[in-house]
Amino acid sequence: AAKMAARAGGAAVTAARGRGGAPSFQRRGPPGGSRLAAIAGTRPAVRHGQLLLSTGLPSLDSVLGGGLAVGTLLLIEEDKYGVYSHLLFKYFLAEGVVCGHDLFVASAKELPTSILKELPAPLLDNCRNEVGEEAATVKSEDDSMQIAWRYQNLPKMEASPSTSSRFGHYYDVSKKMSSELLQSVKCHSFFLPEEPSLQPAIKMHNMNCGYARLLQSIQKIIYQQGFDGSHPQKKQKNILRIGIQSLGSMLWDDDICCTENPENAHSITKFLYVLRGLLRKSLSACIITVPAHLIQNKAIMERVTNLSDVVVGLESFIGSERETNPLYKDYHGLIHVRQIPRLNCLICDVSDTKDLAFRLKRKQFAIE
């Protein structure tokens, strides 16, 4: 009773102070708002308060509930020929260049420098895509046409990039990013055939040498570059974007794509377990492409899905019956959202529809 009376008295004093014009109750916090929101290329989520970054594709950001959360892992199930999954991989890296984030590109198939040279060019503020130009032409021709009264006050959908600041950018896949823009950010690379072999003393149990070397490189960059928050006073906060291409393929010395009973069945799952621990305690986000259609044992793919935060599958129409189906004549494939994380809330962000398709225009990749 005494504690309740003391609390009531304190509230009355606070309320009395607030009558002079100042608010009665004020939230304590750092001046100028949240410190996390000051990181370039990020914004806090409305629903769960997690810091978000763009995947480089605004339509994919809306499907994932606003973007990819910092400290999480996005897994892309590659399409049969790896055309569109590789494009999403480059979108993620290109967004990091535009936002000034550090990049870490790992591959066992293609040189990381070659991947960075193929990043799409960003659409600048003075540029417009074909959709925007066509919309402007139609608007000028039909100015005299009146709109029904019930549609006049509805919000307009953004058909083309606007000049205002936005979360996420648009890119032109028909052009390559300039070398000047690419040199403005710090890029780290990992090419498995050129990496030195590990000493036997630091090899990890039940993990092949390729994955162990990759983990060692990621851990070294996170700790030495201060992405774990160990040197916040010496360096301005920034985001590390990690991209790993075709994880689980034979080029990574893994045999899960060759047989149903691989020799190291838990090698890739242990790698993902340790990697997620590194992501959780650092300002970083990771995208991984996996040839899921080649993995013989489906139980391994289920474990890989459970160890990932966001899982998106791409199904291309190339070489299938749907390529000639008139129902899909305007699209190049389907996109399947396998898993979306529950971050600081009971349920995950669920999209309004599950029937999602993608198409590659002359300049842009879009999910509809």
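Note that the structure is a prediction, hence the values are computed from the model and not measured.

1. Looking at the nonpolar core
Of all hydrophobic cores here, the largest spans 41 residues; its most connected members are Leu-93, Leu-119, Ile-335, Phe-365 and Ile-367. No other element matches the 9 residues that helix H3 (residues 83–99) contributes to this core. Sequence-distant contacts of Ile-335, that is, excluding residues within four places in its chain, are made with Leu-60, Val-312, Gly-313, Leu-314, Leu-356, Ala-357, Phe-358 and Ile-367. Ranked by size, the runner-up nonpolar core spans 39 residues in total, among them Ala-108, Ile-222, Ile-268 and Cys-286.

2. Description of the state of the cysteines
For the structure shown, the criterion picks out 0 disulfides. Of the cysteine sulfurs around Cys-258, a residue in no disulfide, the closest is that of Cys-257, at 6.5 Å.

3. Looking at the sheet that holds strand S2 (residues 51–53)
Backbone hydrogen bonds hold the strands of a sheet together, and the pairing may be parallel or antiparallel. Spatially, 3 strands are ordered S1-S2-S3 in an open sheet, and the strand pairing comes out antiparallel. Among the strands making up the open sheet, the edge pair consists of strand S1 (42–44) and strand S3 (68–69).

4. Describing the sheet that holds strand S13 (residues 356–360)
With respect to topology, 9 strands assemble into an open sheet ordered S8-S5-S9-S10-S4-S11-S12-S13-S14, the strand pairing being mixed. Either end of the sheet is taken by a strand with one partner, and the two such strands are strand S8 (187–191) and strand S14 (365–367). Adjacent strand axes in the sheet meet at a mean angle of 20 degrees when their direction is disregarded. The strands touched by helix H9 (residues 298–306) are strand S4 (73–77), strand S11 (310–316) and strand S12 (333–339); relative to S4, the strand with the most contacts, the crossing angle is about 150 degrees.

5. Quick look at the pairing of strand S10 (residues 284–290)
Of all the 7 residues making up S10, 7 are buried; the element is thus mostly covered by neighbouring parts of the structure. Of the two faces of S10, the one holding Ser-284, Cys-286, Ile-288 and Val-290 and the one holding Ala-285, Ile-287 and Thr-289 are both buried throughout. As defined by bridge partners, S4 adjoins S10 across 5 bridges and the pair is classed as parallel. Pairing of Leu-74 across the sheet is with Ile-287, part of S10. The sheet contact formed by strand S9 (residues 240–244) and S10 spans 5 bridges and is parallel.

6. Looking at the side chain of Asp-309
In this structure, Asp-309 sits in the loop between H9 and S11. We classify Asp-309 as buried; its relative accessible area is 4%. Among the polar contacts made by the side chain of Asp-309, one reaches the main-chain amide nitrogen of Leu-73 at a distance of 2.8 Å. Polar side-chain contacts of Asp-309 include one of 2.6 Å to the side chain of Arg-280. With residues near it in sequence (within four places) discarded, Asp-309 still touches Gly-71, Thr-72, Leu-73, Arg-276, Arg-280, Gln-339, Ile-340 and Pro-341.

7. Observations concerning the pattern of salt bridges
Applying the stated criterion across every chain yields a total of 6 salt bridges. Its salt-bridge partner being Arg-280, residue Asp-309 comes within 2.6 Å of it at the nearest N-O pair. You can see Asp-309 sitting in the loop between H9 and S11 and its partner Arg-280 sitting in helix H8 (residues 267–280), a full 29 residues away along the chain. Residue Arg-280 is classed as partly exposed on the basis of its relative accessible area, which comes to 45%. When salt bridges with common partners are traced through the structure, they connect Arg-276, Arg-280 and Asp-309 into a single cluster.

Definitions and cut-offs
- Residue numbers here run from 1 along each chain, matching the order of that chain's written sequence.
- Selection of residues for local features in this predicted model requires a pLDDT of at least 70, selection of side-chain atom pairs for listing and counting requires 80 or more, and totals for whole chains, interfaces and linings are taken over all residues.
- Hydrogens and water are ignored here; the side-chain numbers use all heavy atoms of the structure.
- Joining through side-chain atoms within 4.5 Å is the link that ties buried Ala, Val, Leu, Ile, Met, Phe, Trp, Tyr and Cys residues into a set, and such a set is a nonpolar core.
- Categorising residues by exposure relies on relative accessible area from a 1.4 Å probe, with only protein chains included: less than 20% of the type maximum marks a residue as buried, more than 50% marks it as exposed, and the intermediate range marks it as partly exposed.
- Labels follow the DSSP assignment, with helices taken as runs of H or I lasting at least four residues and strands as runs of E lasting at least two, numbered in each case from the N terminus.
- By definition in these notes, contact holds between two residues if any of their heavy atoms fall within 4.5 Å.
- Note on disulfides: each one is a pair of cysteine sulfur atoms within 2.5 Å.
- Here, a strand pair is defined by DSSP locating no fewer than two bridges between the strands.
- Inter-axis angles, ranging from 0 to 180 degrees, are taken between N-to-C directions of lines fitted to C-alpha atoms, where helices are fitted over the stretch in contact.
- Here a polar contact means two N or O atoms within 3.5 Å. Within protein one must be a hydrogen donor candidate and the other an acceptor candidate, and residues neighboring in sequence count only if both atoms are side-chain atoms.
- Salt bridges are defined as contacts in which a side-chain nitrogen from Lys or Arg sits within 4 Å of a carboxyl oxygen from Asp or Glu.

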